[in-house]
Amino acid sequence: MIDVVPRLRDERSAFVALLRSLDPHEWAFPTECPAWTVHGIALHVLGDDLSLLSRQRDGVPNGLLAHAARSPATDFLQLLDSFNEEWVTTASFLSPSLVMDLLALTGEQTAAWYADVPPDRLGEPVHWIGPEPAPYWLIAAREFVERWVHHHQVARATKRPAPGEPLTVCAAGVLAQALP
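About the criteria used
- Residues numbered from 1 in each chain as written.
- Predicted model: local features only at pLDDT ≥ 70, side-chain atom pairs only at ≥ 80, totals over all residues.
- Heavy atoms only, no water.
- Core = buried A, V, L, I, M, F, W, Y, C linked by side-chain atoms within 4.5 Å.
- Buried < 20%, exposed > 50% of the residue type's maximum accessible area, 1.4 Å probe, protein only.
- Helix = DSSP H or I, 4+ residues; strand = E, 2+ residues; numbered from the N terminus.
- Contact = heavy atoms within 4.5 Å.
- Salt bridge = Lys/Arg side-chain N within 4 Å of Asp/Glu carboxyl O.
- Phe/Tyr/Trp six-rings, centres within 6.5 Å; stacked < 30°, edge-to-face > 60°.
- Axes fitted to C-alpha atoms, helices over the stretch in contact; angles between N-to-C directions.
- Parallel < 35°, antiparallel > 145°, perpendicular 65-115°, else oblique.
- Left-handed = near helix turned anticlockwise from the far one by under 90°.
- Nonpolar A, V, L, I, M, F, W, Y, C, P; charged D, E, K, R; others polar.

Novice: Describe the nonpolar core, listing the residues and the values that go with them.
Specialist: Residues Val-4, Leu-8, Trp-113, Tyr-114 and Phe-144 are the most contacted members of the largest nonpolar core, which totals 25 residues. Elements with a minimum of two residues in this core: helix 1 (5-20), helix 2 (38-57), helix 5 (96-116), helix 6 (136-157) and helix 7 (165-178). By residue number, the principal contributor to this core is helix 6, which donates nine residues. Every residue in contact with Val-4, bar those within four places of it in the chain, is listed here: Ala-140, Ala-141, Phe-144, Cys-170 and Val-174. Judged by nonpolar contacts, the second largest core, of 23 residues, contains Phe-15, Val-38, Ala-91 and Val-154.

Structural data, given as structure tokens:
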């Protein structure tokens, strides 16, 4: 078990600080995600937070299932990509200021959720591990790594420093455990 919970608040605080340091024009910079700017990446992270809080903490049906009913996607990755793209496109009217405020709020709420849920309780699958329900420590680890990756993408796009060593060591530990 890798306990990322103590690092969730650190990563989100650093990510929001990075976003707050940007000039308004930098929000439009392209990123390694071909369809998304810095603003798009921030919206994606916000959408992930809202989705996980709704489905994991609050127990509402997974929005991906509703999306699947109206999507022509034929496999999980296509479905996930189109779901994420739909959210980023729909939410693109949100201002950077509001996105940063919401990221700070949802970051705190997700960290609190993962701190409260028993780490060995089974939840949803972590698809890069397998199709079976995963323990919440692993679900939290998946979320941490995704946030860390997107944090790096924004840092590289804006030529800002990447997340520091403690966050990178934590992400590397999760990724090393994910290898077969």
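We are not done yet, so read on.
Novice: I'd like to hear about the environment of Ile-139, residue by residue, with values.
Specialist: Note that Ile-139 resides in helix 6. Separated by 94 residues in sequence, Ile-139 and Val-45 place their C-alpha atoms 15 Å apart. Contacts of Ile-139, omitting those with residues within four sequence positions, involve Gln-56, Tyr-114, Gly-123, Glu-124, Val-126 and Ala-134.

Novice: I'd like to hear about the pattern of salt bridges, residue by residue, with values.
Specialist: Following the criterion strictly, the structure yields twelve salt bridges and no others. In this structure, Asp-49 engages Arg-147 in a salt bridge whose closest nitrogen and oxygen atoms are separated by 2.9 Å. Of this pair, Asp-49 sits in helix 2 while Arg-147 sits in helix 6; the two residues are 98 residues apart in sequence, bridging distant segments of the chain. Each member of the pair, Asp-49 as well as Arg-147, carries the same accessibility label: buried. Each of Arg-55, Glu-124, Arg-142 and Glu-143 takes part in one network of salt bridges that share partners.

Novice: Let's hear about the packing of aromatic side chains: which residues, and what values?
Specialist: On inspection of all chains with the given rule, the structure shows two aromatic pairs. Between the aromatic rings of Trp-113 and Tyr-136, the centroid separation amounts to 5.7 Å while the plane-to-plane angle is 90 degrees, which identifies the pairing as edge-to-face. In this pair, Trp-113 is assigned in helix 5 and Tyr-136 in helix 6, connecting sequence segments 23 residues apart. What makes Trp-113 buried here is its relative accessible area of 11%. By relative accessible area, Tyr-136 is classed as buried at 5%. A centroid spacing of 6.5 Å and a plane angle of 45 degrees characterise the contact between Tyr-114 and Tyr-136, whose relative ring orientation is tilted. One end of the pair, Tyr-114, is in helix 5; the other, Tyr-136, is in helix 6, with 22 residues separating them in the sequence. Aromatic ring contacts, followed pair by pair, group Trp-113, Tyr-114 and Tyr-136 into a single cluster.

Novice: Just give me the short version of the packing of helix 1 against helix 2, but keep the residues and values in it.
Specialist: Where helix 1 meets helix 2, the axes come as close as 12 Å, and the angle between the chain directions of the two elements is 150 degrees. In terms of their interaxial angle, helix 1 and helix 2 are classed as roughly antiparallel. When the axes of helix 1 and helix 2 are compared, the crossing they make is left-handed. Contacts between helix 1 and helix 2 involve Arg-12, Phe-15 and Leu-19 from the first element and Val-38, Ala-42, Val-45 and Asp-49 from the second. Its residues assigned to classes, the contact of helix 1 with helix 2 comprises five nonpolar, no polar and two charged.

Novice: Run through the side chain of Thr-106, naming residues and quoting values.
Specialist: Within the secondary structure layout, Thr-106 lies in helix 5. Taking relative accessible area as the criterion, Thr-106 reaches 3% and is therefore assigned buried.

Novice: A description of the packing of helix 2 against helix 5 should follow, citing residues and the corresponding values.
Specialist: For any two helices packed against each other, one specifies the inter-axial angle together with the distance between the axes. Their axes nearest at 9 Å, the elements helix 2 and helix 5 cross at an angle of 35 degrees. As helix 2 packs across helix 5, the resulting crossing turns out to be left-handed. Contact residues: helix 2 offers His-39, Ala-42, Leu-43, Val-45, Leu-46, Asp-49, Leu-50, Leu-52, Leu-53, Gln-56 and Arg-57, while helix 5 offers Pro-96, Val-99, Leu-102, Leu-103, Thr-106, Gly-107, Gln-109, Thr-110, Trp-113 and Tyr-114. Split by residue class, the contact of helix 2 with helix 5 holds 13 nonpolar, six polar and two charged.

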